[in-house]
Amino acid sequence: MVAAASSLSAFLPAPPLFPTNPRRLQRHKPTTKLLPPTLSIRCAAAATTASSEAPSRPRPLPPPRLVRCPALDRQAARASRLRFARKLLTLLLSKPRHFLPLRVLRRCRRFLGLPRRRPLIPFVLRYPTLFRLFQAPVSRPLSPSLSTLAVALTPAAEALAADLAALRSGDAVAPRLAGKIHRLLLMTPRRSIPVNKLAHLAPDLGLAMDFRATLCPRHPDLFTLVHTSRGHALQLADPPPRPPPPLPPLRPAEPPDRLIDRPRRFPHLPLRRGLNLRRAHRDYLLRFHSLPEVSPFEPLDEGAGLEMLERRACAVVREVLAMTVEKRTLVDHLTHFRRDFGLPNRLRALLVRHPELFYVSVKGVRHSVFLVEAFDDDGRLLVEDEMLVGRDRLEELVREGKRMRRAQKTSVLEFDGDTDDEEVEEEGLLEVDDEFGDLFEDGVIGEDWEEVGDGGVSEGDDEYDAESDAMEEFWVKKAVAEGLVDSGSEQDVW
C-alpha cells in the first residue's frame, strides 16, 4: 500500500502553499478541478495513442527560390544579343524581294522591340554584314531622305537564307520538321493548332516562317490546313494515328561510380551541379517522381489529382523543349499554348518548382526556359541539332560586322550605344510579347506574306510625329555623309 502511494505521488500535483499569517488564513478554492490519479493517467495514455494514430499530413511546400546557373545564363544572353538581327531578318525574308522601305519598317517597331523616340537606322547599321541601306533608282535626282531609302539583305545574308532553305527542304530534314508539327498536334485535345500560335514557336523548332506554304502541302497524310472560327489552323489528318512514345532522354546513362552495383537504399534525385534544395522541396520532388509515368500524347482521366495533372504538364513542356533546336525557348512562347496543351495558368511557377527538369533564366530582355537534361555542367549541348548551323553562321556574321566597325572607328561616326561590350546589344529593347505571330493580328503583314498594312497606326503616336521624323532624317544624312547608303540597282525598283 505504501509502495503504491509512493508510485502515484509522482503524478499528483504539488500541494498549494498558504500564507503563515493566521489573519490571512482563508479557505483555498482551486480554479481548476483536480482529476483522480487513475483518470489522469488514463487520459494521458489515450492522448498519446490518438496522436500516434493520426495521419501525418505533408507540410505545405514553401515558395521555391530561383538558383542561378551561370552556364545557362550565358546561353540566354547569347541568344538575346541576336534578337534584333533575327527579327529584322524574319521581316525582310517574308517579302518577295527581301527588302522593305524605311517608312514601312518603322511601323514594325513594336515587333522589333524598339522603344519610341529611338531611331531605327543606328540599330540597322550595327550589322553591316547582314543589312544594307539603299536608295530607290527612281529617286536618284532627289536627295536621299527617309521616304526614299530602304533596308535590304547583304549578299552574305542572302546566301545564309538560301542555304537554310535548302537544308529545310532536304529529304533528311523535312520529314523531321513535319514530325515536330505532328507531335505538337497530338498533344492537343482538339487535335488542331491555330497557325498564328504556331508561328510563335516556329523559329525555335527550326521551321521557316512560310512553313504553311512550303512544308504543310508536302505532308497531307499527317495534317491539313483548315479554316476555323479562330482563323487558319493545322489539323490532324483522319484517321488519327496511334500516339508515339515520348522522346528518349538526351543525357546518356552514367556508369555507376560505386564499388558494388546494387539498388540504393534511399531514393535519389539527380540535380545539376551547385543546386541545393530545401528538405521540404526535395521531399516533394521525390514524391512527385514516384508517381506513375504519364504520356504527353494521352489525356488524363477526369478524376485525376493535381499532382498527376502537374506531371502531365511537365511531360508536355519537356516534349516541346526536346523538339527545339537549342533545347530552349521563351516562357512567353509556352504561355500561348496553355489552353491548347492543358497547361496551368501559373506556368512559370511550375517551371521554377521543378529545377531537376527545367531552368528559368532571367538573363536578357525576356525570360527563357532550358531543358536541363540536354546540357552538361558547362552549358554545352549534349546532342546538337542539324539546324544549329544557321545560328553559328549568323553569330559569325555578327562578329565580322563588329570587327568592321572597330576598324572603321577612325573614319565612321560612332553611333549611339555602339561600344565594344557585347552586352549593350540587348539594352534599349522593349520587354513585350512581340513575336512574329502578332503581325497577323496587328495587320502589319498580310496572310499572303506580301501585303503590308498600316499596322494600326494612330495619328497621336509619338513615333510618327514631327520630332521622330526629324531624328530619323538626321541619321539618314549622317549615313549618307559616311558613305553607308548604296545606290539602288534595277532589281531594287519599288
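Model, not experiment: these values are computed from the prediction.

A. Structural detail: the overall build of the protein chain. Along its length, the protein chain carries 19 helices and 10 strands. Within the protein chain, buried positions represent 44% of all 494 residues. Counting contacts in the protein chain only where the partners sit at least 6 residues apart, residues at least 24 apart contribute 71% of the total. Here the protein chain displays about 27900 Å² of accessible surface, and carbon together with sulfur accounts for 55% of that area.

B. Representation of the pattern of salt bridges in the model. Scanning all chains against the criterion turns up 21 salt bridges. Here Arg78 ties to Asp392 by a salt bridge, and the two come within 3.9 Å at their closest N and O atoms. Placement of the pair is Arg78 in helix H3 (residues 70–80) and Asp392 in helix H17 (residues 388–407), with a sequence separation of 314 residues. Each of the salt bridges in this network shares a partner with another, and the network as a whole consists of Arg78, Arg391, Asp392 and Glu395.

C. A look at the packing of aromatic side chains. All told, the structure shown has 8 aromatic pairs when counted by the stated rule. Through a chain of ring-to-ring contacts, the aromatic side chains of Phe84, Phe123, Tyr127 and Phe131 assemble into a single cluster. In this structure, Lys87 is placed above the aromatic ring of Phe111, and the distance from its NZ or CZ to the ring centre is 4.8 Å. Note that Arg311 overlies the ring of Phe288, its terminal NZ or CZ placed 5.3 Å from the centroid.

D. Summary view of the side chain of Arg405. Mapped onto the elements of the fold, Arg405 is located in helix H17. Of the polar contacts made by the side chain of Arg405, one reaches the backbone oxygen of Arg126; its length is 2.4 Å.

E. Representation of the sheet that holds strand S8 (residues 358–361). Here 3 strands make up an open sheet; going across it, the order is S7-S9-S8 and the pairing antiparallel. Here the strands that pair on one side only, and so sit at the sheet edges, are strand S7 (328–330) and S8. Pairwise comparison of adjacent strand axes, ignoring direction, gives a mean angle of 25° for this sheet. By the bridge criterion, 3 bridges tie S7 to strand S9 (residues 368–371) in an arrangement that is antiparallel. Counterpart to Thr329 in the pairing with S9 is Val369. On top of the sheet, helix H13 (residues 306–323) reaches S7, S8 and S9; it is set at about 90° to S9, its chief contact.

F. How the structure looks around the pairing of S8. Burial along S8 is two-sided: the residues Phe358 and Val360 and Tyr359 and Ser361 are all buried. Between S8 and S9, which pair antiparallel in sequence order, lie 6 residues; one of them, Gly364, sits at a positive phi of approximately 105°.

G. Inspection of the sheet that holds strand S4 (residues 192–194) at higher detail. Across the sheet, 3 strands lie side by side as S4-S6-S5; this open sheet has antiparallel pairing. Since the sheet does not close on itself, it has two edges, and those belong to S4 and strand S5 (223–228), each with one partner. Pairs of neighbouring strands in the sheet enclose a mean axial angle of 30°, with direction left out of account. When S4 meets strand S6 (residues 231–236), the two strands line up antiparallel, connected through 3 bridges. What sits directly across from Ile193, in S6, is Leu234. Packed onto the sheet, helix H9 (residues 174–186) meets S4, S5 and S6 and runs at close to 95° relative to S6. Across the face of the sheet, helix H10 (residues 195–205) comes into contact with S4, S5 and S6 while running at roughly 80° to S4.

H. Up close: the packing of helix H8 (residues 155–168) against H17. In contact at an axis separation of 11 Å, H8 and H17 are set at 175° when each is read in the N-to-C sense. On the basis of the axis angle, H8 is roughly antiparallel to H17. Residues Ala156, Ala159, Leu160, Asp163, Leu164 and Leu167 of H8 form the contact with H17, whose participating residues are Val389, Gly390, Arg393, Leu394 and Leu397. The residue makeup of the contact of H8 with H17, split by class, is 8 nonpolar, 1 polar and 2 charged.

I. A look at the side chain of Arg311. Mapping Arg311 onto the fold places it in helix H13. In this structure the side chain of Arg311 is engaged in a polar contact, spanning 3.2 Å, whose partner is the side chain of Glu293. Those residues in contact with Arg311 that sit more than four places away from it in its chain are Phe288, His289, Leu291, Pro292, Glu293 and Val294.

J. Examining the pairing of S9 more closely. Of the two faces of S9, the one carrying Ser368 and Phe370 and the one carrying Val369 and Leu371 are both buried. Relative to S9, S8 runs antiparallel, the two sharing 4 bridges. From the neighbouring strand, Tyr359 faces S9, where its bridge partner is Phe370.

K. Geometry of the environment of Pro252. Take Pro252: it is sitting in the loop between S6 and helix H12 (279–289). Along the sequence, Pro252 and Glu373 sit 121 residues apart, while their C-alpha atoms lie 9.2 Å from each other.

L. How the structure looks around the packing of H12 against H13. Running from N to C, H12 and H13 cross one another at 80°; their axes reach a closest spacing of 10 Å. Taken together, the axes of H12 and H13 lie roughly perpendicular to each other. Across the interface between the two elements, Tyr284, Arg287, Phe288 and His289 from H12 touch Glu307, Glu310, Arg311 and Cys314 from H13. Its residues placed into classes, the contact of H12 with H13 shows 3 nonpolar, 1 polar and 4 charged.

M. Up close: unusual backbone geometry. Despite not being glycine, His98 shows a phi value in the positive range, around 60°. Relative to the assigned elements, His98 resides in the loop between helix H4 (83–93) and strand S1 (99–101).

Scoring rules and cut-offs
Residues numbered from 1 in each chain as written. Predicted model: local features only at pLDDT ≥ 70, side-chain atom pairs only at ≥ 80, totals over all residues. Heavy atoms only, no water. Helix = DSSP H or I, 4+ residues; strand = E, 2+ residues; numbered from the N terminus. Buried < 20%, exposed > 50% of the residue type's maximum accessible area, 1.4 Å probe, protein only. Contact = heavy atoms within 4.5 Å. Areas by Shrake-Rupley, 256 points an atom, 1.4 Å probe, with all protein chains shown as cover. Salt bridge = Lys/Arg side-chain N within 4 Å of Asp/Glu carboxyl O. Phe/Tyr/Trp six-rings, centres within 6.5 Å; stacked < 30°, edge-to-face > 60°. Lys NZ or Arg CZ within 6 Å of the ring centre and 35° of its normal. Polar contact = N/O pair within 3.5 Å; in protein donor to acceptor, adjacent residues only side chain to side chain. Pairing = 2+ DSSP bridges. Axes fitted to C-alpha atoms, helices over the stretch in contact; angles between N-to-C directions. Parallel < 35°, antiparallel > 145°, perpendicular 65-115°, else oblique. Nonpolar A, V, L, I, M, F, W, Y, C, P; charged D, E, K, R; others polar.

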